[in-house]
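Report on the structure
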Amino acid sequence: MQFAFIINPYSAKKNYQPFLDSLRKKVDNPLYLVSKSLQDTEDFIQNNWENVGVFVAVGGDGTISVVAQKLINTEKILAVFPAGSGNGFSNENNFNKNLDVLLAKIRKEKYKQIDTFMVNDHFSINVSGTGFDGKVVKEFEKTSRGFKNYIKVSIKTFFNYKPIKIKFFDESYKQYNGKYLMLNIANTRQFGNNAYIAPMASKSDGLVDLVLVKKFPLTYSAFFAFRMFTKRLKNDEYVTYLPVSEIEFKVNTKTWHIDGEFKKIKSPIHVKVLPKSLKILI
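An unreviewed UniProt entry lists the protein under the name Diacylglycerol kinase, from Epilithonimonas vandammei.

Quick look at the structure:
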């Protein structure tokens, strides 16, 4: 099966050359793109569509999402070489930084079908959200990235952040109207860096987990973090999980992140799952 690599040169602290050097040693005349823009990526996929069966995204969740969007509901297969700051989607789909393992998977040509979802007209594969973490992503993009900077930005933002107001349209969800620290839509279990915001989420059940988190006191924050990093978050007085296939609501902020990339999205918000819409290499 013919395969091609799409490299985000801004991922992994802009150090993609070692990956290219390794690729060239292991594959004769590899087909690849060092992408300069979204249009560059789209053109490369389109120009190689007929001959390529597996497109490999080299980058973080944002890069993977861009490539995946071009492959949904087709026979083409997505593979990943993780090179982001969090790599949540890669972790959840057993992709690592071992190029030999990835090439062996490509030769076997096996895949599974997973869900994706939309937030209005924005495509998502992993975890998207608004509120506190949307603001954190906005501020995080101003830094040199990395897990330490993410923690610093998170702590600084937490103390100053005012809860968002959410209003659901469906009568059966109106009991959840109110103020929240953040709302996340989880197709997989984790943001990245093994931070499991939705430990029970499944990427192939036709549902996403809507995670509502109320602003909690400082005394609860260490407990919340412990639960998140040990896959033990669950419904309690501050956290609510709503498995949904489709839902609409209003929120009094435009600050969102889509798979870890900052976006401005205007309410009303319409979330819809695209069941088994993407083929993933296994």
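1. So, the overall build of the protein
In terms of helices and strands, the protein carries eight helices and 16 strands. Against the globule reference of 19 Å for 282 residues, the protein gives a C-alpha radius of gyration of 19 Å, in line with a compact fold. With respect to the principal axes defined by its C-alpha atoms, the protein has extents near 55 × 35 × 30 Å. Across the 282 residues that make up the protein, the buried fraction comes to 51%. Roughly 13,700 Å² of accessible area belongs to the protein as shown, and the carbon and sulfur atoms make up 49% of that amount. The centroid of the 42 positive side-chain charges in the protein is displaced by 7 Å from the centroid of its 26 negative side-chain charges.

2. Describing the pattern of salt bridges
The tally for this structure, following the rule as stated, stands at six salt bridges. Lys26 is the salt-bridge partner of Asp100, the closest N and O atoms lying 3.1 Å from each other. Remark: Lys26 occurs in helix α1 (residues 17-26) and Asp100 occurs in helix α5 (residues 99-108); sequence separation between them is 74 residues. Taking relative accessible area as the criterion, Asp100 reaches 44% and is therefore assigned partly exposed. Judged by relative accessible area, Lys26 falls into the partly exposed class, the value being 40%. Arg189 is the salt-bridge partner of Glu92, the closest N and O atoms lying 2.8 Å from each other. Placement of the pair is Glu92 in helix α4 (residues 88-92) and Arg189 in the loop between β10 (182-186) and β11 (208-213), with a sequence separation of 97 residues.

3. Topic: the nonpolar core
Among soluble globular proteins, nonpolar side chains are generally buried collectively. With 47 residues, the main nonpolar core has Ile166, Ile185, Ile197, Phe224, Phe249 and Trp256 as its most contacted residues. The element contributing the most residues to this core is β11, with five residues. Setting aside its immediate chain neighbours within four residues, Phe249 contacts Ile166, Lys167, Phe168, Phe169, Leu183, Trp256, Ser267, Pro268, Ile269 and Val271. The next biggest cluster of nonpolar side chains, apart from the first, holds 43 residues, and it includes Leu23, Leu78, Ile114 and Phe123.

4. Overview of helix α2 (residues 38-47)
If you check which residues of α2 are buried, you get Thr41, Phe44 and Ile45. Buried residues in α2, looked at end-on, bunch into an arc of 95°, giving them a common side. For α2, exposure combined with an orientation more than 90 degrees from the buried face picks out Gln46 and Asn47.

5. Structural notes on the domain arrangement of the protein
In terms of domains, the protein is made up of domain 1 (2-109) and domain 2 (122-274). Taken residue by residue, the interface counts 15 residues in domain 1 and 19 residues in domain 2. Here domain 1 meets domain 2 over a buried area of about 1,300 Å², counting both sides, of which 56% is carbon and sulfur. Remark: the boundary between domain 1 and domain 2 carries one salt bridge. If you list the elements that add at least two residues to the side of domain 1 that touches domain 2, you get α3 (61-69) and α4. Take the side of domain 1 that touches domain 2: its biggest share by element is six residues, from α3. Of the residues contributing to the side of domain 1 that touches domain 2, the split by class is four nonpolar, nine polar and two charged.

6. Structural notes on the packing of α1 against α5
Remark: α1 packs on α5, axes separated minimally by 11 Å, with the N-to-C direction vectors making an angle of 50°. The angle between the axes of α1 and α5 places the two elements in the oblique class. Of the two elements, α1 crosses α5, and the hand of that crossing is right-handed. Side by side, α1 and α5 meet where Phe19, Ser22, Leu23 and Lys26 of the first sit next to Leu99, Asp100 and Leu103 of the second. By residue class, the composition of the contact of α1 with α5 is four nonpolar, one polar and two charged.

7. Regarding the environment of Val52
Structurally, Val52 is set in the loop between α2 and β3 (54-59). Taking C-alpha positions, Val52 is 4.8 Å from Gln2, a pair spaced 50 residues apart along the chain.

Rules and cut-offs
Residues numbered from 1 in each chain as written. Predicted model: local features only at pLDDT ≥ 70, side-chain atom pairs only at ≥ 80, totals over all residues. Heavy atoms only, no water. Helix = DSSP H or I, 4+ residues; strand = E, 2+ residues; numbered from the N terminus. Rg over C-alpha atoms; globule rule 2.2 N^0.38 Å. Buried < 20%, exposed > 50% of the residue type's maximum accessible area, 1.4 Å probe, protein only. Areas by Shrake-Rupley, 256 points an atom, 1.4 Å probe, with all protein chains shown as cover. Lys, Arg positive; Asp, Glu negative; His and termini not counted. Charge placed at Lys NZ, Arg CZ, Asp CG, Glu CD. Salt bridge = Lys/Arg side-chain N within 4 Å of Asp/Glu carboxyl O. Core = buried A, V, L, I, M, F, W, Y, C linked by side-chain atoms within 4.5 Å. Contact = heavy atoms within 4.5 Å. Arc of directions from axis to C-beta. Domains from an automatic or database assignment. Buried area = accessible area lost by both parts, 1.4 Å probe. Nonpolar A, V, L, I, M, F, W, Y, C, P; charged D, E, K, R; others polar. Axes fitted to C-alpha atoms, helices over the stretch in contact; angles between N-to-C directions. Parallel < 35°, antiparallel > 145°, perpendicular 65-115°, else oblique. Left-handed = near helix turned anticlockwise from the far one by under 90°.

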